[in-house]
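Report on the structure
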Protein chains: 8
Amino acid sequence: MAKKVLILMGSDSDLKIMNDAAKALAALEIETEVRISSAHRVPDKTMKLAHEAKANGFGAIIAGAGLAAHLPGVVAACTTLPVIGVPIQGGAINGIDALYAIVQMPKGIPVATVAVNGAYNAGLLAAQILAGADEALAERLVTFRENLAAEVNAKDDKLQEIGVEAYLSK
Amino acid sequence: MAKKVLILMGSDSDLKIMNDAAKALAALEIETEVRISSAHRVPDKTMKLAHEAKANGFGAIIAGAGLAAHLPGVVAACTTLPVIGVPIQGGAINGIDALYAIVQMPKGIPVATVAVNGAYNAGLLAAQILAGADEALAERLVTFRENLAAEVNAKDDKLQEIGVEAYLSK
Amino acid sequence: MAKKVLILMGSDSDLKIMNDAAKALAALEIETEVRISSAHRVPDKTMKLAHEAKANGFGAIIAGAGLAAHLPGVVAACTTLPVIGVPIQGGAINGIDALYAIVQMPKGIPVATVAVNGAYNAGLLAAQILAGADEALAERLVTFRENLAAEVNAKDDKLQEIGVEAYLSK
Amino acid sequence: MAKKVLILMGSDSDLKIMNDAAKALAALEIETEVRISSAHRVPDKTMKLAHEAKANGFGAIIAGAGLAAHLPGVVAACTTLPVIGVPIQGGAINGIDALYAIVQMPKGIPVATVAVNGAYNAGLLAAQILAGADEALAERLVTFRENLAAEVNAKDDKLQEIGVEAYLSK
Amino acid sequence: MAKKVLILMGSDSDLKIMNDAAKALAALEIETEVRISSAHRVPDKTMKLAHEAKANGFGAIIAGAGLAAHLPGVVAACTTLPVIGVPIQGGAINGIDALYAIVQMPKGIPVATVAVNGAYNAGLLAAQILAGADEALAERLVTFRENLAAEVNAKDDKLQEIGVEAYLSK
Amino acid sequence: MAKKVLILMGSDSDLKIMNDAAKALAALEIETEVRISSAHRVPDKTMKLAHEAKANGFGAIIAGAGLAAHLPGVVAACTTLPVIGVPIQGGAINGIDALYAIVQMPKGIPVATVAVNGAYNAGLLAAQILAGADEALAERLVTFRENLAAEVNAKDDKLQEIGVEAYLSK
Amino acid sequence: MAKKVLILMGSDSDLKIMNDAAKALAALEIETEVRISSAHRVPDKTMKLAHEAKANGFGAIIAGAGLAAHLPGVVAACTTLPVIGVPIQGGAINGIDALYAIVQMPKGIPVATVAVNGAYNAGLLAAQILAGADEALAERLVTFRENLAAEVNAKDDKLQEIGVEAYLSK
Amino acid sequence: MAKKVLILMGSDSDLKIMNDAAKALAALEIETEVRISSAHRVPDKTMKLAHEAKANGFGAIIAGAGLAAHLPGVVAACTTLPVIGVPIQGGAINGIDALYAIVQMPKGIPVATVAVNGAYNAGLLAAQILAGADEALAERLVTFRENLAAEVNAKDDKLQEIGVEAYLSK
């Protein structure tokens, strides 16, 4: 049975950004579960979600957080599933704090970090991970990439056809 | 009975720096317990130490960590004792990652952060906190400050006496 | 008699942020005094407030400042009470200047630093400090934490019930 | 048949760091191939290695680079396998340039980024990814984590037994 | 025959900024071709444009990109024409990521980097480069500089004439 | 005869900020001359203004610039009058580029640097410098400081009188 | 009578750097007094030195500090003499903390900031300030600048004479 | 007649780094002239060198500087030749100050910036610029690139032949 992806965040203020991950995964026909569970306010629940994720049919976890962003690392400490961390922009340091707090994990417990606010790419990365055991998904990813290329080519074709000024005034 | 201070770190590579906290507290006649317990490698043990700290006679916790420094925040999530965080210098980002990962705690769970490698000041701060319920300690802190002032004054007196060149060639 | 918390800032432009500290302390039934007193414009008054704070019944001081934020350090130099520093966002460097100017205190005079604009957490930290000599307050803090957890759980329950799209369109 | 991991770098000056990834994977009984292939000096060869990686039996690619670190992104553009990027410390900006150049990938082409010089964790992350289709590997990862925990516990036990001064003088 | 300048970007979201380069070149009577071609989505097309640029009559290439800005470096790897890189502001790191990802090119493959969003100056720089083989263009550049000076002088003259307050209230 | 202060900037886009310097100096009864003269567009005119400033009755020069802010340093190279540099906020790096480009002057040619956008303080600093040869001005500066203190005290008095909520709702 | 320059620092660890200011001033025949007086350890003494500086014959104050560098601002709050701040390199943030803590002074109390470790330039700047009331000093400064130019010219002449390789092998 | 490249720096302390530019140009058979001329100490000489460079047979100028690195911008203001700026690492801010002070040039006067300490690439870039009017040089650049590729391939071949451990122990 196809594996699901667990999408975690500590606060509903991150839901709009993190939903991009769910959208990317839906486009690739992967089932997701979206949960609000803070590393600091409900640490026991958060660790339980991580501990049980593999047994519950998940093949990867995406965790997003801002500021002193501990959620991805705390989750990664409680599972051997791949954990993808999404730094969320916000506050005076604008997400660089979250980036450092997620990517600079010490030896032994990695977190696969994507760009600040890069939840969509987190979804794609989860799909690329699941595709290792799901050849049909791997083929959908190839098609997805071809579509990306076609979009860029269509834009360039249109630009050559109508020129910069017309393109910008659209 | 006088309260103790729990000093935590995730790796013995931080012990040399963190021992400065123990030294400051010893100078102020406060008992400490120094433990190695990682937020990522042994999360359950770490949370247990935090949960039980108050019942075990501790009045404050000092936690030091480098890189994506989650230890102070994870500990703070599991106790209502004041938690003092010490960012440890190291790695390519040189401790600014640890500073951000400790100080930028989200609303609800504060960590009292000191300077990068500032374990000595963390010890003093813990003493200032314990002094709220211990007037004899408060008096020792006043004396400690007077000694700090006397040291600076002695250095300035010597400089005025022997001059810059002689002072520097000591 | 229960101790009070002194809340200081150098300019009334910081009052809106710093009032979050007063709110957190009010929620925990702790009395506060809010004062405007600049380290640069009225240094003598500022130092007097710090020197006399303990005798005036305060158990902790919260000081907030932006830019070259000297207020918390100047206050800390004049008292052995715990001083909590709040970096205030503003200007071209956006609060990172204030963070560095508060947290990087030299050996001997610590300031317990919280997140940029983290006045609410400064209030909670002051309460955790006062709770060392006030068991009833310690119990209110436990309840406060339980309420934080309940709020997160309620949000997650609602999200599971109505789904992401409905939740976001609220 | 078990999948292999391709380890790429643009210069042999990165080999010492990147070999940590090979060591982590060897400890988990995963076969690796280590190649020097620059995105800037031999772009065609580099893209060919990426294009053919899946067909050649690789399940993940680890790419390390310093400075304007384009290698992981260029590789990720040419494969749907998960690509793990390792920023390498060096030069005046000390690896923060490489971190930004790897983690901030635009929408559509993710790179799973680890800490600066975090090649060992890159190896572990690759193993966690391959374990999605290899239950025996998943079990070796659980054992690996238990060993990490045991090491930390052994150090703490020793510290409690001999004390800080003896521990530091080892 | 006078050489042209190729202006590249990976996404049409950069077109408005990059059009400043075309405007500067038009003012100096240099022909341009503006293309959308991503280093990550259509790497083969991008490399082909670079490989064939010299044969197609281009004397310089201007490439603009934001975030992990690989386009200028990837283009520079595929041509010996001078490549001018324009970091584009955007995202949480605000263009400093793009600046580092463009300017910190490793030994062997230079990219001539201009200011963040400095596409206009990129156009001028391309003109200064082409002027090495086009004396009439070199003379137009001298006139262009004289006009710049005249504009500044005219503003200062006006300021001296009407005063600061009148000038600001224009 | 009392000396004047020369206020320079490279572009009229900086005039609004730099006018704060003129205002501070006017409040202290010091005559100013405000000129637009770019270090890059009209270098000869700029250097002439600097060379002749002392002979023309100026006692200090204030120079403001943004981005790669060379104006203060170029001016300082052409005079032995004290030169005060004002970094102007703007562009993607938000004034930190201008701060570094002004304050980090090499050995031999100092620039007295103030805060980003700190033109008002630049005016005060110029007045403090001129006061070295003008005792009446020195007395006006003392009065100015007393007024600063009185303003802060008045605000604190009002806050104590009406309370935080009333003060904030003004 | 010629005015003197007061050189202050908070710790004798800064004496070696700060002595560069004394050297620059000695070369220009200006008398200095060098004092150790911390803003945090002996705030009353520090403020007294500042308050009495003008009456004691000083025409400018140079204050150097590292980390959360409050000394220059605290001194500036207690005098209307020009105060020159020298950020001292040190600690994990390497002097950028000190730079921000000195240069970003709020409206009303300026500090004339020089480069990190730029004590020599601080001395020159103090001389340029004193020269406003001392024409003989102004002439010594002109000679000083001519000597600087002559040194650079002599190096260039030598380089042209012996070539790069010989010059580098000296 | 083939054009030469002028290599400028403000201090002989930068000569060792800047000589890399001369080496790259010598390898491509381009004549260079290396001069020490500071923008701050000898501004008139520096501007004269820039003004006369084109008439003196130069086709491009390379200027290197550290700290508040004004030299490349000052030179660019005085010529319409392409000016390549090399930020030099040094001081507390480690070359990021120089990078910002060189690359962030305002509209109208571009500087082609390379990596911090990237003088070798500056030389290559100058060669790529001169090649626009020198087809034989263009062919030498193609050969140069082929040699770069061959070197990388040779290293990879050796690595495949002898393995990582043997390669590292060389």
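What you see is a predicted model; the values in this text were computed from it and never measured.

The rules we used
Residues numbered from 1 in each chain as written. Chains lettered and ligands numbered in written order. Predicted model: local features only at pLDDT ≥ 70, side-chain atom pairs only at ≥ 80, totals over all residues. Heavy atoms only, no water. Contact = heavy atoms within 4.5 Å. Buried area = accessible area lost by both parts, 1.4 Å probe. Salt bridge = Lys/Arg side-chain N within 4 Å of Asp/Glu carboxyl O. Polar contact = N/O pair within 3.5 Å; in protein donor to acceptor, adjacent residues only side chain to side chain. Helix = DSSP H or I, 4+ residues; strand = E, 2+ residues; numbered from the N terminus. Least-squares fit on C-alpha atoms with pLDDT ≥ 70 in both. Axes fitted to C-alpha atoms, helices over the stretch in contact; angles between N-to-C directions. Parallel < 35°, antiparallel > 145°, perpendicular 65-115°, else oblique. Left-handed = near helix turned anticlockwise from the far one by under 90°. Nonpolar A, V, L, I, M, F, W, Y, C, P; charged D, E, K, R; others polar. UniProt positions renumbered as here; feature names shortened; annotations may be inferred.

Focus on the interface of chain A and chain D
- In this assembly, 41 residues from chain A lie in contact with 41 residues from chain D.
- Of the roughly 3200 Å² buried where chain A meets chain D, counting both sides, 57% is carbon and sulfur surface.
- A salt bridge links A:Lys54 to D:Glu135; its shortest N-O distance comes to 2.8 Å.
- Seen at the junction of chain A and chain D, the total is 21 residue pairs in polar contact (both at pLDDT 80 or more).
- Every element with two or more residues in the side of chain A that touches chain D is listed here: α4 (96-103), β5 (112-113), α5 (119-130) and α6 (135-162) of chain A.
- Ranked by residue count, the leading element in the side of chain A that touches chain D is α6(A), at seven residues.

Section: the relation of the copies chain A and chain D
- When chain A is brought onto chain D, the operation consists of a screw motion whose angular component is 180° and whose axial shift is 0.0 Å, with 0.0 Å RMSD remaining. The transformation just described matches what one would write down for a two-fold rotation axis.
- A symmetric contact is evident, with 100% of the interface residues of chain A recurring at the interface of chain D.

Overview of the packing of helix α2 (residues 43-53) of chain C against helix α2 (residues 43-53) of chain G
- α2(G) packs onto α2(C) with a crossing angle of 170° between their chain directions and a minimal axis gap of 12 Å. On the basis of the axis angle, α2(C) is roughly antiparallel to α2(G). Crossing hand, α2(C) versus α2(G): left-handed. In contact with C:Pro43, C:Asp44, C:Met47 and C:His51 of α2(C), α2(G) contributes G:Pro43, G:Asp44, G:Met47 and G:His51.
- Classifying every residue of the contact of α2(C) with α2(G) by side-chain character gives four nonpolar, two polar and two charged.

Let's talk about the side chain of C:Asn19
- Following the sequence through the fold, C:Asn19 ends up in helix α1 (residues 15-27).
- Setting aside anything within four residues of it in sequence, one finds C:Asn19 in contact with F:Val164, F:Glu165 and F:Leu168.

Some remarks on the UniProt feature "domain: PurE" (unreviewed entry) in chain A
- If you check UniProt for "domain: PurE" (unreviewed entry), the listed places come out as residues 3-152 of chain A in our numbering.
- The span residues 3-152 of chain A carries 45% helix and 19% strand; its end-to-end C-alpha distance comes to 31 Å.

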